Amino acid sequence: MGRATLLMPLALLFLASVIPSKAQKNEAAAGEESRVTVTAGAPLTVECRLRPEQRAEWRRDGATPPPDLRAAPEAAAGSGLAARLQAPAARDHHAGLYTCSRERDHRVRVVVLPAESAAPVSVSPSASEAVPAAPAGPVSPAAAGASDLAELLYDVRGNLSLHCSLPNENSLAYVWTKNGTALEQVWEMTGRYVLEKGGAELRLARALEDDFGNYTCGVAGRSETQGWAVRGRPHLKVPANTNVVEGQRLKLVCKVIGKPYRPVSWWYSNSSDDEGNFTEVTAALGARAVVGSGEGGAPGAVLTVEAAARSDAGRYRCSAPDATLPATTTLRVKDMYAALWPFLGICAEVFVLCAIILVYEKRRTKPELDDSDTDNHDQKKS
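Definitions and limits used
- Residues numbered from 1 in each chain as written.
- Predicted model: local features only at pLDDT ≥ 70, side-chain atom pairs only at ≥ 80, totals over all residues.
- Heavy atoms only, no water.
- Helix = DSSP H or I, 4+ residues; strand = E, 2+ residues; numbered from the N terminus.
- Buried < 20%, exposed > 50% of the residue type's maximum accessible area, 1.4 Å probe, protein only.
- Contact = heavy atoms within 4.5 Å.
- Areas by Shrake-Rupley, 256 points an atom, 1.4 Å probe, with all protein chains shown as cover.
- Polar contact = N/O pair within 3.5 Å; in protein donor to acceptor, adjacent residues only side chain to side chain.
- Disulfide = S-S within 2.5 Å.
- Pairing = 2+ DSSP bridges.
- pLDDT = per-residue confidence, 0-100.
- Patch = residues over 30% accessible without salt bridge, like charges linked within 9 Å, V, L, I, M, F, W, Y side chains within 5 Å.
- Salt bridge = Lys/Arg side-chain N within 4 Å of Asp/Glu carboxyl O.

Time to look at the overall build of the chain. Each helix and strand counted, the chain has three helices and 25 strands in total. For the chain, the residues scored as buried account for 35% of the 382 residues in total. Nonlocal contacts in the chain, meaning residues at least 24 apart in sequence, comprise 68% of its contacts between residues at least 6 apart. Approximately 22,500 Å² of the chain is accessible, and the part contributed by carbon and sulfur atoms is 56%.

Within the element layout of this structure, Arg107 appears in strand β7 (residues 106-113). Arg107 sits 74 residues away from Glu33 along the chain, and the two C-alpha atoms are 4.5 Å apart. Within the structure, Arg107 has its side chain in polar contact with the side chain of Glu33 (distance 3.4 Å).

A word on the state of the cysteines. As enumerated under the stated definition, the model contains three disulfides in all. Covalently, Cys48 is tied to Cys100 through a disulfide, its sulfur atoms 2.0 Å apart. Given an S-S torsion of about -60 degrees, the disulfide between Cys48 and Cys100 has left-handed geometry. Note that Cys48 is positioned in strand β2 (residues 44-50) and Cys100 in the loop between β6 (96-99) and β7, a separation of 52 residues in sequence. Summarising the burial analysis for this pair, Cys48 and Cys100 share the class buried.

Strand order in the open sheet made by the four strands is β1-β7-β6-β3, with mixed pairing throughout. Only two strands of the sheet have a single partner each, and these edge strands are β1 (32-39) and β3 (59-60). Relative to β7, β1 runs parallel, the two being bridged by eight bridges. Counterpart to Thr37 in the pairing with β7 is Val111.

Bridge count between strand β20 (residues 265-269) and strand β24 (residues 314-319): five bridges; the pairing is antiparallel. Looking across to β24, one finds that Trp266 is bridged to Cys318. As paired elements, β20 and strand β21 (residues 279-280) share two bridges and run antiparallel to each other. The residue of β21 that forms the bridge with Tyr268 is Thr279.

Taken as a whole, the chain shows an average pLDDT of 79; of its residues, 77% reach a score of 70 or greater. Of the regions scoring below 50 in pLDDT, residues 15-30 engages in four contacts with residues more than four places distant in sequence or in other chains. Counting interchain partners and residues more than four positions distant, the pLDDT-below-50 stretch residues 116-147 has 62 contacts.

A separate point is a nonpolar patch on the surface. A contiguous nonpolar surface patch, about 650 Å² in accessible area, is contributed by Met336, Tyr337, Leu340, Trp341, Phe343 and Leu344. For Met336, the position within the fold is in the loop between β25 (327-334) and α3 (340-381).

Printed below as a string of structure tokens:
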């Protein structure tokens, strides 16, 4: 009885220490969750809140995020920090639940809608704390009324210039936006653009791939806007010559510069003439030719043939809509025994050389033995 009386307070003390800790864990696990909805093909930004002492450790559904999501530098946001992941074009594999810290204080659920769905990007924070919706993600081209935007192609590393032609008799301030965000709040544009002619002209020197998007200008206090769908002009690159051994795996990569990436198509010709007739590679090689996405998500930028045949030799060309020129490579398929013949030739040379040395040594040794026998016979006579 005395032992039971002693153990009862200890049990109560243990329960009092364990139950609150579990409740705290459940409360922390509940955390804050926001939602980002974006149309496939539109720029994507995932923003997560951190405490000042934390550093971003991104996870998606408990695993590493897709490699085409680029982490932006952490920036101050209220009493904490804001960590961002960005992609030039949202894809289906970007959907999931994102966290930026081990504690998972803030979670962001990304939903990628099909391209035909014109749903705008929205952020729905939980009731625990309201999160500003503006930086959560850029507006998709469909939601922004991309059909009303004038399409403009620019060359990567070239100059980009936009002129706002809205009437402004009172010399009011011009307001510029990119993907629905004020231009001065877009971190990757900081210090890189210049507003001239009273703010009516936007100039950007040495434009980058990620400068594509939907740009708009407006006059302060007025609802009328002028917009452009700015797209990078595709530039395609492949090696001038490609070699592969018969029977080995052939992989041709068409490097695409200029976002958003256009679909790449492959063509084949067995003629050495630059103007030879090219046919679609799937029709020329059949099911052996497999086309897949390249690095960064360029659709169709990689052509693979598991076992190259001698008949696959020829000229391969990749092209894309709006590209200045297609890129062409000449493929040479080497005989699988090509390296065997030089080896056999070297072996034959070594064999002949050894035979010559042996014959020479035998002939040189015999006269020496004959001379020594003659000298011994003369000495005995004397």
